[in-house]
Amino acid sequence: MAVWSRRQFSLSSGNPMPGAIGTGFGGQGGPPQAYFQRSQRLPTNTIVKFVPQQTAWIVERMGKFSRILSPGLAILLPVIERIAYVQSLKESAIEIPSQSAITADNVTLELDGVLYTRVVDPYKASYGVEDAEYAIGQLAQTTMRSEIGQLTLDHVLKERANLNSNITQAINEAAQSWGVVCLRYEIRDIHAPEGVVAAMHRQVTAERSKRAEILESEGQRQSAINIAEGRKQSVILASEAMKAERINEASGEAEAILVKATATARGIDAVANSIREGKDSAQGAVSLSVAEKYVDAFSKLAKEGTAVVVPGNVGDMGGMIASALSVYGKVTEGQKKAASGASAPTQATSRQIGDEVIEAAKQGSSHDVQKTVLEGFEKSREGK
């Protein structure tokens with residue numbers, strides 16, 4: 001703190017400093033240990049002096065405080081005035097030696113630190129305390145022990161900033177009358193016993209293993225939930241798609257059936273109207289159409305498959321045609337009786353028409369068979 005000073009440190013505050021000033025190394029009876037030993041090398045009074053920047057000189061006149069010299073030119077009276085103290089106004093770093101402290105949970109720690117101070121009142125720093133640096137160093141040590149004794153080991157490690165702030169505040173409250181302000185205090189090193197350090201390492205390892213297992217289990221759980229949720233949504237969407245598909249198919253089938261039924265009904269109405277309007281000519285056209293379809297279907301049986309189902313009287317072509325005509329005749333018999341009172345064709349006429357068709361099939365082509373069938377229909381209608 002002072003410009004002319006020499007700092008000496010020891011490992012323990014209770015032991016005398018080996019080799020103190022004025023004694024040999026290991027000498028007995030030396031002065032008590034001081035963390036900051038001041039070697040007085042004050043400027044001599046040469047009447048004209050130059051005070052350095054950021055330095056304050058305390059002048060005494062005949063042993064009594066006279067004035068404080070500011071940086072620059074200073075004139076002193078010879079003999080009766082002398083420079084008693086030299087104070088540096090710069091910020092000063094004071095090393096706090098390592099010391100033992102016991103926490104609230106009975107763990108012994110070794111701590112050291114650095115204290116940053118500055119003289120704000122040279123008069124109080126000179127006359128308010130014998131050695132400001134030594135006093136502040138001792139105050140910092142005792143305050144640090146007191147603060148650490150109120151905290152557990154975990155809080156000491158976690159609340160380092162709060163601990164530094166509390167020590168700085170306590171030092172400033174006690175050093176108000178010394179003209180020195182403590183700017184900040186920093187704990188430099190904290191040394192715990194080896195057993196405590198090993199236990200802390202095991203605790204950290206166990207805690208991290210626990211966190212890793214928890215995170216892994218949470219990940220597996222979330223993965224299973226996501227998979228199940230995805231399957232659920234997939235099933236729901238598939239069922240909804242199938243439902244929509246069936247609804248669309250049913251709607252399309254219903255629409256097709258409705259359209260087909262409507263068209264069929266219109267066709268039946270048109271055929272009925274044509275038959276009603278055409279009377280005998282329409283009846284003949286219908287008979288001809290039925291006979292053509294019957295013969296055409298029978299001629300295609302052998303072409304479309306190897307297994308053919310034929311009527312029992314396949315050799316009697318005239319009988320087959322007569323049967324077809326008789327089916328249609330029975331259907332239209334009621335209508336003809338109501339209209340003209342005519343009867344159905346006889347069995348002989350039908351057999352004659354069938355014989356003619358068979359003969360045409362044996363001798364001629366399909367065109368001749370068709371022509372014979374048409375002539376047979378005409379004869380059948382005339383016979384009615």
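Whatever comes next refers back to the structure up there.
A quick note: this is a predicted structure, and the numbers were derived from the prediction, not measured. Each chain has its residues counted from 1, running along the sequence as written. Given that the model is predicted, a residue must reach a pLDDT of at least 70 before its local features are reported, and side-chain atom pairs must reach 80 or more before they are shown or counted; all residues, however, enter totals for whole chains, interfaces and linings. Neither water nor hydrogens contribute to the side-chain values; these are computed over all heavy atoms in the structure.

**Student:** Describe the overall build of the protein, naming the residues involved and giving the relevant values.
**Tutor:** Of the regular secondary structure elements, the protein holds ten helices and ten strands. By the burial criterion, 27% of the 384 residues in the protein qualify as buried. By element, 55% of the accessible surface of the protein is carried by carbon and sulfur atoms, the whole surface being about 24600 Å². Counting from the N terminus, the helices are the DSSP runs of H or I reaching at least four residues and the strands are the DSSP runs of E reaching at least two. Exposure classes here rest on a 1.4 Å probe applied to the protein chains alone. A residue is buried below 20% of its type maximum, exposed above 50%, and partly exposed in between. Under the convention used here, a 1.4 Å probe and the Shrake-Rupley method define accessible areas, while residue burial counts only the protein chains that appear.

**Student:** Explain the sheet that holds strand S5 (residues 64-69) to me, and be specific about the residues and the numbers.
**Tutor:** We call two strands paired when DSSP finds no fewer than two bridges between them. The three strands lie next to each other as S5-S4-S7, forming an open sheet whose pairing is antiparallel. In the strand order of this sheet, the two ends are held by S5 and strand S7 (81-88), each with one partner. The sheet shows a mean angle of 30° between the axes of neighbouring strands, taken without regard to direction. Here seven bridges tie strand S4 (residues 55-61) to S7, and the two strands are oriented antiparallel to one another. For Val59, the partnering residue across the bridge sits in S7 and is Ile83. In this analysis an axis means a line fitted to C-alpha atoms, helices contributing only their contacting stretch, and an angle means the value between N-to-C directions, from 0 to 180 degrees.

**Student:** I'd like to hear about the sheet that holds strand S8 (residues 92-102), residue by residue, with values.
**Tutor:** Taken together, three strands build an open sheet; the order of strands is S8-S9-S10 and the sheet is antiparallel. Bordering the open sheet on either side are S8 and strand S10 (180-191), each of which pairs with just one other strand. Sheet twist, expressed as the mean angle between neighbouring strand axes with direction ignored, is 25°. Bridge count for strand S9 (residues 108-119) against S10 is ten bridges, and the pairing is antiparallel. In the strand pairing of S10, Leu115 is matched with Tyr185. The contact criterion used is simple: two residues touch if any of their non-hydrogen atoms lie within 4.5 Å. Across the sheet, helix H4 (residues 160-174) is in contact with S9 and S10; its angle to S10 comes to roughly 145°.

**Student:** Can you tell me about the pattern of salt bridges, naming the residues and giving the values?
**Tutor:** Side-chain pairs of opposite charge can arise whenever the charged atoms involved come near each other. Here a salt bridge means any side-chain nitrogen of Lys or Arg lying within 4 Å of a carboxyl oxygen belonging to Asp or Glu. Enumeration according to the criterion identifies eight salt bridges in this entry. Here Arg82 makes a salt bridge to Glu60, at a shortest N to O gap of 3.1 Å. Taken as a pair, Arg82 in strand S7 and Glu60 in strand S4 lie far apart in primary sequence, 22 residues in all. On the basis of relative accessibility, which here comes to 7%, the residue Glu60 falls in the buried class. A salt bridge links Arg211 to Glu207; the nearest nitrogen and oxygen atoms lie 3.5 Å apart. Of this pair, Arg211 and Glu207 both sit in helix H5 (residues 194-278), four residues apart, roughly one helical turn. Take Glu207: its relative accessible area is 34%, and that puts it in the partly exposed class.

**Student:** Any details on the nonpolar core? Residues and values, ideally.
**Tutor:** We call a set of buried Ala, Val, Leu, Ile, Met, Phe, Trp, Tyr and Cys residues a nonpolar core when their side-chain atoms join them within 4.5 Å. Within the largest apolar cluster, 29 residues are counted, with the highest numbers of intra-cluster contacts made by Leu111, Leu115, Met144, Ile148, Ile171, Trp178 and Tyr185. Contributing elements (two or more residues each) for this core: S8, S9, helix H2 (132-148), helix H3 (153-158), H4 and S10. Here this core gets seven residues from one element, more than from any other, and that element is H2. The residues contacting Tyr185, other than those within four sequence positions of it, are Ile96, Gly113, Val114, Leu115, Ala140, Met144, Asn164, Ile167 and Thr168. Core analysis: the next-biggest nonpolar cluster, separate from the first, contains eight residues, Val51, Val59, Ala74 and Ile83 among them.

**Student:** Explain the packing of aromatic side chains to me, using residue names and the numbers behind them.
**Tutor:** Whether two aromatic rings pair depends on their centres lying within 6.5 Å, for rings of Phe, Tyr and Trp, where Trp uses its six-membered ring; planes under 30 degrees apart make the pair stacked, over 60 edge-to-face, and the rest tilted. Taken as a whole and assessed by the stated rule, the structure comprises four aromatic pairs. Ring centres of Phe65 and Tyr123 lie 4.9 Å apart, and the angle between their planes is 70°; on these two criteria the pair is classed as edge-to-face. You can see Phe65 sitting in strand S5 and its partner Tyr123 sitting in helix H1 (residues 122-127), a full 58 residues away along the chain. The exposure class of Phe65 is partly exposed, given its relative accessible area of 31%. By way of ring pairs, the aromatic residues Phe65, Tyr85, Tyr123 and Tyr127 are connected into one cluster. Charge over a ring is defined by NZ of Lys or CZ of Arg lying within 6 Å of the ring centre and within 35 degrees of the ring normal. Between the NZ or CZ atom of Arg184 and the centre of the ring of Tyr116, over which it lies, the distance is 4.3 Å.

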